[in-house]
Each structure stands twice: as C-alpha cells, then as structure tokens.
Amino acid sequence: MRALTLPIVAGLAAAGISPATAQELAIGLKSEATSMDPQFHQLSTNIQVAKNIFEALTTQDAVQKVTPGLAESWEAIDDTTWRFNLREGVTFHDGSEFTARDVIYSFCRIPLVQNSPSPFTIYSAGIADMTAEDDHTLTITTKATNPLLPTELWSLAIVSADTLGAEEEITYGPDGTCEGMGEVPQAPAFNSPDVAVGTGPYKLETYTRGSEVVLSRFDEYWGGTPDWERVVMRPITSDGPRVAALLAGDVDMIESPPIQDLPRIEDAGLKVVDALSNRVIYLHMQQLEDAPGISGTDGENPLLDPRVREAISLSINRDAIVERIMGGYAVAAGELLPPPMFGTSERPVDPYDPERAKELLAEAGYPDGFSITLGTPNDRYINDEQVAQAVAQMLAQIGIDTRVDASTASQFFSRRNDLEFPIYMAGWGASSGDMSSPLKSLVATYDPDTGMGPTNAGRYSNPEMDALLLEAMSTIDDTKRDRMLQEAETMVLNDYGIIPLHYEQTVWAMKPNLSYEPRVDQYTMATKVEPASE
C-alpha cells in the first residue's frame, strides 16, 4: 500500500519537449465540466475548472491543508461566531473591487441555483447569518457549532454581486431568504465570459461544450502573475485518443492515463506522477419499497434486507479488482476515506466470501437469487465500466443476475438523481478530508431543507447515525469528534448502508519540462502546473 501523503514521481526523462507554444498550456481532461457556474454542481470535473476562475475565502494545498484564500485570516469569536478578515486590493476580472458584499451575495445565491445535481447547500445551509462590519471584515454566525467551517468554505466560490445584478444593499437570510439579490442568473448564463467573472488567476475566454474551455491570464491577479498566458482544457473522454494527444504533442499534460499505457508514455520521454487519492469508489443500493430494475422477487425490494446488502459486499473480490482491472493503482477500501484521514477507524476490508454470501441470500429468502440492474458512468472514474462489469460477474456467481447499465457521466448523474437505478456505482472525494463529508453527503437521511444527504440516491436512512453525525459536526474537541465520526461510520458500514470498493490512485502524465504536485483531491489545477525547474 502506498502512503497517502507521499506522491511518487516516475519516468523522469531528458528535457527537450516544449509546451504547444511558449506561453500556452494545453491539458487533456478525462471528463468534461457540465457548467461554468461554480455553484451549480458539486462535481470535481466542474470544480477543478472553476478554481482557475473563481476563488473562495479559504483554499487547500495538495494534501488538503487549509490555507488563506480571499480571507487572509479568521478567528472563532465563540462557538457559533466567526470573524473573517478579507484581503484588500483584490479585483474581479471586470475591474470591480472585491468586498464583503460579494461574499454575502455569493452565499445567498447558493440555495437559489436551480436544478443542481449535487447542490452546495450542504455547506451553506448551516449558516444562520452574515454581516459586514466593513468592506473587508465579515462576521458569519452558524446555526450550530461547526469546527469545519473554514475547511468547508473552500467549496463555496465567490462571484461578483455587481456583475450578476445585485442591488446595492444585500441582506443575508438563511435558506434563500436574502434581500437585495435582484434577478439571479442561472447556470446557463455562466457560459458567457461576461457573467463568469471571478477573482482567480485566469479569466474565462471561451467555453465550447464538447470541445474546450479556454482561459486567459488575469494580469491584475492579487496573487502574482500566472505562469501561462493562455490555458486550453480539452475533454478527451476516450483513453486512447487522450494518450495519443499527449504523445503527438497536441496537449502538454493529461489526467488519468490508462494504467496499461504508462510504460509506453515513459518510454516516450514523458513524466508520470501519481498519489493515493481521497476518492472512494462505492456501491449504493436503493432502499425504497418500489425500487426499479429488480425482478424475481415477487415485487419486493431485497435491498431493504441488510443480509442481502452484506451478501453483495462479501461477493466482491476487491483485491482482484485492484490487481487485474486497476493494475495496482488502487487500494481495496474498508471505509469511506482512506486511513489515517480524520474520522477513519482502520476498519478491515470486507473479505471475499461467496459461500457465506450465498448463505445470507438464502437466509433472507432468496436462495435462487434475483435479477438487478447496476448503473455506472463509463467515463468518470478510472476504469469505471470495467469495474462495474467485474462486480456484475461476481454478483452473478452468488445468484444475483446483474445487468450493467453504463452511460456518460452527465447522463448517469441525472438518471441517478432521478432514482432510476436499484444499485449504482459511483465515487466520492471528500473536499474537507474529513469523514463528515461522505457521511453527510452519501448516507445521511435525504433532506433538501437541511441540505443533508444531497447525494444519497440510495435513500438510506439511519436516524441514530444522523443524530450522532450532527453532534459530531457541532463538536469543537477534535478527539471527541474523531471518535464520534468513527462510530457514525461504523453504524453505516455494519448496516451495509453503503459498500466501499476501493480508493483510487490518481495518475497524471506530462511533458518533462512541466511540474505538478499530485493532489489528494484528484483535481487537475491549471493554476498549479508550473514550468519544471532546471
């Protein structure tokens, strides 16, 4: 097993391959961003593009250490009150000054964003009030004690109140009740550079769906002059063409090259870097009476029985998936975050035990098994469709005849959120590096009013776990909070409310005159790609 915080650099080659042009950086992405609206979809492919254009009050380094962003410092006044000192001299891309008013507008807009597949309200719903003491001093009051507030704020992009048509005075109100917002632009409007205005190091130049995102350098960026005059980010969703684009020099860097192609890439004199990520690939099972896509059960949903869910977990040979499909670039998962991240308990990986799985099915009343559909994206995670096919074959071995329904990420997420799949495979990367992230997103009881469980498309519900999670999220003492999160996760895993499969090992390949520090969160951040030092 590779250490979580020790990136591995391989294939260092002789210099002599230059970027496409001296001041242009071209990156081949595995998946396409679904929107330029940084508050629309909590999806890493969107976030990694948006982070070049928009910033937040805080930021995170490659191993998720929280550092100052648009707020240069902050302090907790009491258990529910925080004061943030905002940077002065920061301007938006249109030249307007960044102030506390923009922060209030940005947080007010989040619950007003329509049709979000995975809304950012999970981070904003706990804020009771926001007031500006002056243009660069902001006080935030939370509904309950939230020790992770500075960490969570990294996920909430700051947009320009003036650009988006706000009134002069904006008054914060929780849960979408702010005043002075004007007519709030929705996500499609952000496809225009005139609307997608942030404070980041790069400006949106053009966004052509299915083709490319082009960014241009923001010379007045408060953090210093960016390395590249122009950045082109091209979605190349098929592995072969993405590798071919790098080998041909059409792009300077690619994310997620296929494991089997790494020797060929290194032999061509290119550089490969990789590190264990915080992303867990998991199975989620729909726990509603009328779950679709199941047959052979007399109309019952067998996934409501924890014995059936346990049987599914025991049927999966995780080590075989890691070695044969992931080429060793993954680690079998026993939890929702890789240890030793905060809230993990070193829980062992479920064993591969198909005979016990068959016994459990028989005990649950399904000795002959049943048929089911497994939903999965085919272009979002590393070898995602191949992993799903392997899972289907393993389930078939215990009598669960499984049909894989694979679709592109954009289609999959939409269908998943419409509850079309009785069981689905997806991934989750904890933006906070804390166990509360997967717990409150994936398995907390779905409740749009509180923002809990926004990605719980299995509709798993455990009120006892919910109560413990909320208590943990309001506990300042790290030792106590760590223990409570461990206990909350154990409740879910003992109940097989969700089934972890493996943690992804993330790989990037690039020309040898480039440098990139691998990130635990898997983001490909153009702002962090630098010319390699001599």
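Residues numbered from 1 in each chain as written. Predicted model: local features only at pLDDT ≥ 70, side-chain atom pairs only at ≥ 80, totals over all residues. Heavy atoms only, no water.

Student: Got a sec to walk through the overall build of the chain? Specific residues and values, please.
Tutor: Looking only at helices and strands, the chain has 14 helices and 21 strands in total. Against the globule reference of 24 Å for 534 residues, the chain gives a C-alpha radius of gyration of 23 Å, in line with a compact fold. Dimensions of the chain, computed from C-alpha atoms along their principal axes, come out at roughly 70 × 55 × 40 Å. A buried classification covers 60% of the 534 residues belonging to the chain. (Helix = DSSP H or I, 4+ residues; strand = E, 2+ residues; numbered from the N terminus. Rg over C-alpha atoms; globule rule 2.2 N^0.38 Å. Buried < 20%, exposed > 50% of the residue type's maximum accessible area, 1.4 Å probe, protein only.)

Student: Help me get a handle on the packing of helix H12 (residues 436–443) against helix H13 (residues 463–473), residues and values and all.
Tutor: Between H12 and H13, whose axes approach to 11 Å, the crossing angle comes to 140°. Pair H12 / H13 crosses with left-handed handedness. In this structure, H12 contributes Ser436, Leu439, Lys440 and Val443 to the contact, and H13 contributes Met465, Leu469 and Met473. Its residues placed into classes, the contact of H12 with H13 shows five nonpolar, one polar and one charged. (Axes fitted to C-alpha atoms, helices over the stretch in contact; angles between N-to-C directions. Left-handed = near helix turned anticlockwise from the far one by under 90°. Contact = heavy atoms within 4.5 Å. Nonpolar A, V, L, I, M, F, W, Y, C, P; charged D, E, K, R; others polar.)

Student: Tell me about the sheet that holds strand S7 (residues 127–134), and name the residues and values.
Tutor: Working definition: the strands of a sheet are paired by backbone hydrogen bonds and lie parallel or antiparallel to each other. Pairing within the open sheet is antiparallel, and its four strands lie in the order S5-S6-S8-S7. Of all strands in the sheet, those bounded by a partner on one side alone are strand S5 (71–78) and S7. Averaged over all adjacent pairs, the angle separating strand axes in this sheet is 20°, with direction ignored. Note that S7 and strand S8 (residues 137–142) share six bridges and pair antiparallel. Looking at the pairing, Asp129 lines up with Thr141 of S8. Helix H2 (residues 100–109) rests against strand S6 (81–86), S7 and S8 of the sheet, and its axis sits at about 165° to S7. (Pairing = 2+ DSSP bridges.)

Student: Explain the packing of helix H8 (residues 318–325) against helix H10 (residues 384–396) to me, using residue names and the numbers behind them.
Tutor: Two numbers describe how H8 lies on H10: the axes approach to 11 Å, and their chain directions differ by 140°. You can see that H8 and H10 cross each other, and the crossing is right-handed. Between H8 and H10, the residues in contact are Ala320, Ile321 and Ile325 and Gln386, Val387, Ala390, Val391 and Met394, respectively. Considering only residue class, the contact of H8 with H10 consists of seven nonpolar, one polar and no charged.

Student: An account of the side chain of Gln48 is needed here, citing residue identities and associated values.
Tutor: Position of Gln48 relative to the elements: it lies in helix H1 (residues 44–53). In terms of polar contacts, Gln48 uses its side chain to reach the backbone amide nitrogen of Thr524, at 2.7 Å. Apart from residues lying up to four places away in sequence, Gln48 is in contact with Leu29, Glu255, Gln522, Tyr523, Thr524 and Met525. (Polar contact = N/O pair within 3.5 Å; in protein donor to acceptor, adjacent residues only side chain to side chain.)

Student: Pulling in residues and values, what's your account of the confidence of the model for the chain?
Tutor: Per-chain confidence: the chain averages 92 in pLDDT, with 96% of residues scoring 70 or above. Low pLDDT, under 50, characterises residues 1–21; the predicted model gives this stretch 52 contacts beyond four residues in sequence or across chains. (pLDDT = per-residue confidence, 0-100.)

Student: Lay out unusual backbone geometry with the relevant residues and their values.
Tutor: Look at the link from Pro339 to Pro340: it is a cis peptide, with omega at 15°. As for its position among the elements, Pro340 is in the loop between strand S15 (330–332) and helix H9 (354–363). Positioned with a positive phi, Gln64 is a non-glycine residue whose angle comes to about 70°. With respect to the secondary-structure elements, Gln64 resides in the loop between strand S3 (58–60) and strand S4 (66–68). Taking the relative accessible area as the measure of exposure, Gln64 reaches 8% and is therefore buried. Even without being glycine, Arg459 reaches a positive phi, approximately 60°.

Student: Report on the pairing of strand S11 (residues 230–235), specifying residues and quantitative values.
Tutor: Across six bridges, strand S2 (residues 24–29) lies against S11 in parallel orientation. The partner of Ile27 across the bridge, within S11, is Met233. Across four bridges, the pairing between strand S10 (residues 212–217) and S11 is antiparallel. When the bridges of S11 are listed, Ser216 appears paired with Arg230.

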